[in-house]
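Given next are the chains, with one letter for each unit.
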Amino acid sequence: MSKILVTGAGGFIGHHLVKSLKEQGHWVRGVDIKHPEYEPSPADEFLILDLRRWENCLTATKDVEYVYNLSADMGGMGFISSNHARILHNNILISTHMIEASRVNGVDRYLFTSSACVYPEYRQQEANIAPLKEEDAYPADPQDAYGWEKLVSERLCIHYHDEYGFNTRIVRFHNIYGPLGTWDGGREKAPAAICRKVAIAKLTGNPEVEIWGDGEQTRSFCYIDDCIVGMQKIMMSDYHLPLNLGTDRLVTINQLVDIVADIAGIKVIKKHVPGPQGVRGRNSDNTRIRQVLGWEPQISLEEGLRRTYEWIEDQVRQKLARESSKVSVSS
Ligand code: NAD
Ligand code: GDD
């Protein structure tokens, strides 16, 4: 049994990670500025702390062996395509204080959650792009401030490793999705947004589904269970350089909508509308993770979306019921 800190434990991936670590019998401290939205955390201790502040990072990292640092001000394209100043400011403070506090408090291993958003825009201008290898991050030109912070904080990990002998790990997530993830409110990513829109179409009988852009932009998507397994394998490996964690199945957003509509069992009418689109195409090259871990994500997009859709349809049904009961009370 190890003593483990998970920051961002009130968020999507952090909450799933806490559940997995608890199932394995570890002692877990969760830290966030909020509790998980959809169910209580099973963490042994859950501290509400703002990790932009140095003294809070010292409190969070006290007496633990492993640190999974997932806290960040983040979201899908609807959030990170604007809010650059706030994202850069908040996330630089969190990442810089968290790694130093972990070192000062004698933590054994520290894992930083980076992003596919570190890759340069010039390699992601076509829908049918070559999968991105870890070394493709340089020469650097991430599209958004969110990606710049992730790239700088990756460097911080590498320099702490090389100059202080501090045991760091870096994972670059490629669009992670699944149940218990943000599905409305503006920070949701495409899989959750599309599941929500298809569920609304199904439950209201209006078949129109709005898609940002022409829907021919491409991504790869990785189911949460694979993300949780992969992240722990990376932590326990000896590899300290960045590793992609994603699938290498490239799909268009239009194809994503078709898969979700099939799962819902309805026909939808796609309505292409203006919206933030990010890069034109993005895929993960998994050569390095296969070499290092002898493993890569396993769960198919159809299976992952089926589990995600079921959960989101249920959330939408409850929300519609709440709204209709409010209307009948006030009318
Ligand atoms: P999330 O937004 O659900 O979780 C992040 C958590 O960090 C939130 O609960 C938030 O409240 C917390 N947080 C924000 N500011 C904080 C502060 N000042 N102090 C303490 N906690 C704070 O996002 P997620 O999808 O679970 O992402 C987890 C990590 O993985 C993040 O670092 C994110 O950048 C990275 N990542 C996620 C994806 C993805 O597809 N989900 C892709 C690439 C990278
Ligand atoms: N969010 C969202 N909502 N995206 C939509 C929608 C919608 O209703 N309709 C179409 N899209 C399109 C976006 O325009 C974009 O081209 C694509 O779907 C993917 O959008 P997101 O899932 O929001 O973001 P992303 O893949 O560009 O970036 C995400 O993944 C990164 C890691 O791979 C973000 O979550 C980043 O924060 C993350 O680091």
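Calculation rules
Residues numbered from 1 in each chain as written. Chains lettered and ligands numbered in written order. Predicted model: local features only at pLDDT ≥ 70, side-chain atom pairs only at ≥ 80, totals over all residues. Heavy atoms only, no water. Phe/Tyr/Trp six-rings, centres within 6.5 Å; stacked < 30°, edge-to-face > 60°. Buried < 20%, exposed > 50% of the residue type's maximum accessible area, 1.4 Å probe, protein only. Lys NZ or Arg CZ within 6 Å of the ring centre and 35° of its normal. Axes fitted to C-alpha atoms, helices over the stretch in contact; angles between N-to-C directions. Helix = DSSP H or I, 4+ residues; strand = E, 2+ residues; numbered from the N terminus. Parallel < 35°, antiparallel > 145°, perpendicular 65-115°, else oblique. Left-handed = near helix turned anticlockwise from the far one by under 90°. Contact = heavy atoms within 4.5 Å. Nonpolar A, V, L, I, M, F, W, Y, C, P; charged D, E, K, R; others polar. Near = heavy atom within 4 Å. Polar contact = N/O pair within 3.5 Å; in protein donor to acceptor, adjacent residues only side chain to side chain. Areas by Shrake-Rupley, 256 points an atom, 1.4 Å probe, with all protein chains shown as cover. Salt bridge = Lys/Arg side-chain N within 4 Å of Asp/Glu carboxyl O. Pairing = 2+ DSSP bridges.

### Some words on the packing of aromatic side chains
Evaluated as defined, the whole model comprises 5 aromatic pairs. Look at tyrosine 160 and phenylalanine 166: their rings are 6.3 Å apart centre to centre, the planes differ by 65 degrees, and that puts the pair in the edge-to-face class. For phenylalanine 166, a relative accessible area of 5% translates into the label buried. Through successive ring pairs, a cluster of aromatic residues spans Tyr110, Tyr160, Tyr164 and Phe166. The positively charged end of lysine 3 is found above the aromatic ring belonging to tryptophan 27, 4.7 Å away from the centroid.

### Quick notes on the packing of helix H1 (residues 12-23) against helix H7 (residues 224-236)
In contact at an axis separation of 10 Å, H1 and H7 are set at 65 degrees when each is read in the N-to-C sense. Judged by the inter-axis angle, H1 sits roughly perpendicular to H7. The handedness of the crossing between H1 and H7 comes out as right-handed. Contacts between H1 and H7 pair Phe12, Ile13, His16, Leu17, Ser20 and Leu21 from the former with Ile224, Cys227, Ile228, Met231 and Gln232 from the latter. Of the residues that constitute the contact of H1 with H7, the class distribution is 8 nonpolar, 3 polar and no charged.

### A word on the site of ligand 1
Around ligand 1, the surrounding shell holds 26 residues, and the nearest of these are Phe12, Ile13, Asp32, Tyr146 and Ile176. At 3.1 Å from an oxygen atom of ligand 1 is found a side-chain nitrogen or oxygen belonging to threonine 113. Within the contact set of ligand 1, an oxygen atom lies 2.6 Å away from a side-chain nitrogen or oxygen of tyrosine 146. Burial of ligand 1 by the surrounding chains reaches 93%, relative to a free accessible area of 820 Å². Contributing elements (two or more residues each) for the shell around ligand 1: H1, strand S5 (109-115) and helix H5 (145-164). At 3 residues, the largest contribution of residues to the shell around ligand 1 is made by S5. Here the shell around ligand 1 is composed, by residue class, of 12 nonpolar, 8 polar and 6 charged.

### Details of the pattern of salt bridges
Tallied over the full model, the rule gives 27 salt bridges. One salt bridge in this structure joins lysine 34 and glutamate 37, with 3.8 Å as the shortest N-O distance. Lysine 34 sits in the partly exposed class, given a relative accessible area of 34%.

### Considering the sheet that holds strand S2 (residues 27-32)
Read across the sheet, 7 strands follow the order S3-S2-S1-S4-S5-S6-S11 without closing on themselves; strand pairing throughout is parallel. The open sheet is flanked by strand S3 (45-48) and strand S11 (243-245), the only strands paired with a single partner. Neighbour-to-neighbour, the strand axes of the sheet open up by a mean angle of 20 degrees, direction not taken into account. Sheet analysis places S5 next to strand S6 (residues 168-173), joined by 6 bridges and oriented parallel. By the bridge assignment for S6, serine 115 is matched with phenylalanine 173. Contacting strand S1 (3-7), S2, strand S4 (66-69) and S6, H1 runs over the sheet at an angle of about 165 degrees to S1. In the packing of H5 onto the sheet, contacts are made with S5 and S6, and the angle to S5 comes to roughly 155 degrees.

Note that every value here comes from positions in space, so none of it alone points to a role or purpose.
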